[in-house]
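These are the residues of each chain, in order.
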Amino acid sequence: MEIPWRRNLYVLWIGVFFCSTAYSMVIPFMSLFIAHDLGITDHLTIWSGFTFGITFLASALIAPYWGSLSDKYGRKPMLLRAGFALCLVYVLNAFVRNPFELVVVRIFTGLLSGYVPSAIALIATNTPEKKVGFCLGIMSTAGAAGGIIGPLVGGFLSKFVGYRESFLVAGAIVLIPTLIAWLFVKEYNFDKNKARSRVIDDLRAASENRPLMRNLIVVLIVTASVMVLEPLLSLYVLHLGASAADASFSSGIIFSAVGISTVLAAPVWAKIGERIGYRNTLMIGLVGGGIGNIVQVFFHDIFSFGLLRFIYGLFFAAVFPALNALIVQTTKPEFRGRAFSLNQSAGQLGNMMGPFAGGMLAGWIAIPVVFVLNGLMLAATALALKLNLGKKSSRPSGKSSSADLY
């Protein structure tokens, strides 16, 4: 039976787009919700930071467990579980009465999430091998497109409707693609009769797969690099001369510039990766993104900053699709659900560590220097990968294990 991979791609693209839209429409006003609706004025930044961070931590800890279940029972059941659960927790956000209840809901958000990793894992395991890289590149545009639309929708709803009502809308937005996926997504490549593995065994197997571990480390680094800068962008826009009234609008445009360039460039990089290899594509993306951050120190106006962020996005759009494709190449099909859950854990740890590191650095050094350090870190990561691969190519030829392939 021919696997309907094109239909899966279309349906799950819509699902990831809607999930990204729902997330990005509520996250920007979470701090304002804590202050205005929950009445917290003292230690607002601490409450906001903890509310954000606890979700990422919970998600990172639970993801290997969901990955184990996905390889046993299928990625579609995990996708549906996450979709319905996210719908519920978004609705619960609308009814919290104090920050403690909000923290509990945010913990459950992290524990029950996983729609996007499940969608990516399903595409990776139910698509012809020669089309996997291209499809993963297309999937990456869904999250970027949702990240563009979400803040605009969320800003409108929070201003003219209300914060709590925005959470209800977000729940409905997640529910729609979950129902569509339930009806139209088909999955074939999993063995229901296989015994479910233990999480500790999965972690041990992953640790023995050196290429996979390198990919996961790179995922953590690049995710943290993005999150290091995001909390600082609005402050930097003020530093470049925007008025307090215009800073939010200007920051939104700059955020959108990266998203737009990602939507434009990711499919192109996916095709390039098929021709030159995803390792090379990854290193080009890392170096290009690093240079895009470093040269920021030479430009000191909002227009140039926005243009550089757009160019940065054109190169950085290569990174995550290439990493996803490399995870496919360096894992066996029966382990890929668990591999992408570990990928989610690495990304969520980066999401948690990045804002903390950015806040600490910005307290000690100027924000332009943070951009430079961030760029140097991305370039150093590409150099480390290049040197590592150079060592492999210089080894005497002989029998190689699957863990030595990258």
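Residues numbered from 1 in each chain as written. Predicted model: local features only at pLDDT ≥ 70, side-chain atom pairs only at ≥ 80, totals over all residues. Heavy atoms only, no water.

Structural notes on the overall build of the protein
What counts here: For helices the rule is a DSSP run of H or I covering at least 4 residues; for strands it is a run of E covering at least 2, with both sets numbered from the N terminus onward. Type-normalised accessible area, obtained with a 1.4 Å probe on protein chains alone, sets the label of each residue: buried when under 20%, exposed when over 50%, and partly exposed for intermediate values. In this description, contact between two residues means that some pair of their heavy atoms is separated by no more than 4.5 Å. Surface exposure here means Shrake-Rupley accessible area, sampled with a 1.4 Å probe, where a residue is shielded only by the protein chains that are shown.
Secondary structure assignment for the protein yields 16 helices and zero strands. Per-residue burial for the protein yields a buried fraction of 53% across its 406 residues. The long-range share in the protein, meaning contacts at least 24 apart out of those at least 6 apart in sequence, stands at 86%. With an accessible surface of roughly 18,400 Å², the protein has 70% of that area assigned to carbon and sulfur atoms.

Observations regarding the environment of L179
Tracing the chain through its elements places L179 in helix α8 (residues 163–184). L179 sits 96 residues away from G83 along the chain, and the two C-alpha atoms are 8.6 Å apart.

Here's the deal with the confidence of the model for the protein
The cut-off we apply is this: Confidence of the predictor at the level of single residues is given by pLDDT, which spans 0 to 100.
Averaged over all residues, the pLDDT of the protein is 84; the fraction at 70 or higher stands at 89%. Model confidence for the protein, summarised as mean pLDDT per element, is weakest for helix α2 (residues 30–36) at 80 and strongest for helix α4 (residues 75–93) at 95. Under a pLDDT of 50 for its full length, residues 393–406 has, in the predicted model, 20 contacts with residues more than four places off or in other chains.

Quick word on the pattern of salt bridges
The line we're drawing: What counts as a salt bridge is simple: a side-chain nitrogen of Lys or Arg found within 4 Å of a carboxyl oxygen of Asp or Glu.
This structure, assessed with the given rule, holds six salt bridges. Residues D37 and R164 are paired through a salt bridge, measuring 3.3 Å at the closest nitrogen-oxygen approach. Placement of D37 in the loop between α2 and α3 (44–73) and of R164 in helix α8 is noted, with a sequence separation of 127 residues between them. Exposure remark for D37: the relative accessible area of 33% places this residue in the partly exposed category. For R164, a relative accessible area of 22% puts it in the partly exposed group. Its salt-bridge partner being E129, residue R336 comes within 3.3 Å of it at the nearest N-O pair. In this pair, R336 is assigned in helix α15 (residues 336–364) and E129 in helix α7 (residues 129–160), connecting sequence segments 207 residues apart. Looking at E129, the relative accessible area reads 52%, which means it is exposed.

Regarding a nonpolar patch on the surface
Put simply, the test is: Here a patch means residues that are over 30% exposed by relative accessible area and free of salt bridges, tied together within 9 Å if like-charged and within 5 Å if nonpolar (Val, Leu, Ile, Met, Phe, Trp, Tyr).
On the surface, I276, I284, F303, L307, I311 and F315 cluster together into a nonpolar patch covering about 530 Å² of accessible area. Top contributing element to the nonpolar patch by residue count: helix α13 (residues 302–316), with four residues. Mapped onto the elements of the fold, F303 is located in helix α13.

Concerning the environment of A35
As for its placement among the helices and strands, A35 is situated in helix α2. A sequence separation of twelve residues divides A35 from W47, and the C-alpha atoms of the two residues are 9.6 Å apart. What A35 contacts, discounting residues up to four positions off in sequence, is I40 and L44.

A few points about α8
Note the cut-off: The span you would expect from a helix comes to 1.5 Å times its residue count less one. This arc corresponds to the set of directions leading from the helix axis out to the C-beta atoms.
With 22 residues, α8 should cover 32 Å at 1.5 Å per step; its first-to-last C-alpha distance of 33 Å lies within 8% of that length. Regarding α8, the residues found buried are Y163, S166, F167, A170, G171, I173, V174, P177, T178 and A181. With its buried residues spanning 160 degrees around the axis, α8 presents them on a single face. Residues of α8 that are exposed and angled more than 90 degrees away from the buried face: W182 and L183.

Thoughts on the packing of aromatic side chains
Going by this rule: Aromatic pairing here means that ring centres of Phe, Tyr or Trp (its six-membered ring) are within 6.5 Å. Orientation follows from the plane angle: under 30 degrees is stacked, over 60 is edge-to-face, and everything else is tilted. Counting as a charge over the ring demands two things of the Lys NZ or Arg CZ atom: a distance within 6 Å of the ring centre and an angle within 35 degrees of the ring normal.
Tallying each qualifying case throughout the model produces twelve aromatic pairs. An angle of 45 degrees between the planes, with centres 5.0 Å apart, marks the rings of F156 and F160 as tilted. Here the residue F156 and the residue F160 both occupy positions in helix α7, the gap between them amounting to four residues, near one helical turn. The ring of Y73 has K72 sitting right over it, with the charged end atom 5.7 Å from the ring centre. Sitting over the face of the ring of Y312, R309 holds its NZ or CZ atom 4.3 Å from the ring centroid.

Remarks on the environment of T21
As for its placement among the helices and strands, T21 is situated in helix α1 (residues 5–26). In this structure the C-alpha to C-alpha distance between T21 and G154, which are 133 residues apart in sequence, comes to 8.8 Å. Once you skip the residues sitting within four places of it in the chain, T21 turns out to touch G146, I149 and G150.

Some points on a positive patch on the surface
Put simply, the test is: Counted as positive: Lys and Arg. Counted as negative: Asp and Glu, with His and the chain ends omitted from the count. Charged side chains are reduced to one point each, which is NZ for Lys, CZ for Arg, CG for Asp and CD for Glu.
Together, R6, K130, K131, K271 and R275 give the surface a local cluster of positive charge. Secondary structure elements with two or more residues in the positive patch: α7 and α11 (244–276). Tracing the backbone shows R275 in helix α11.

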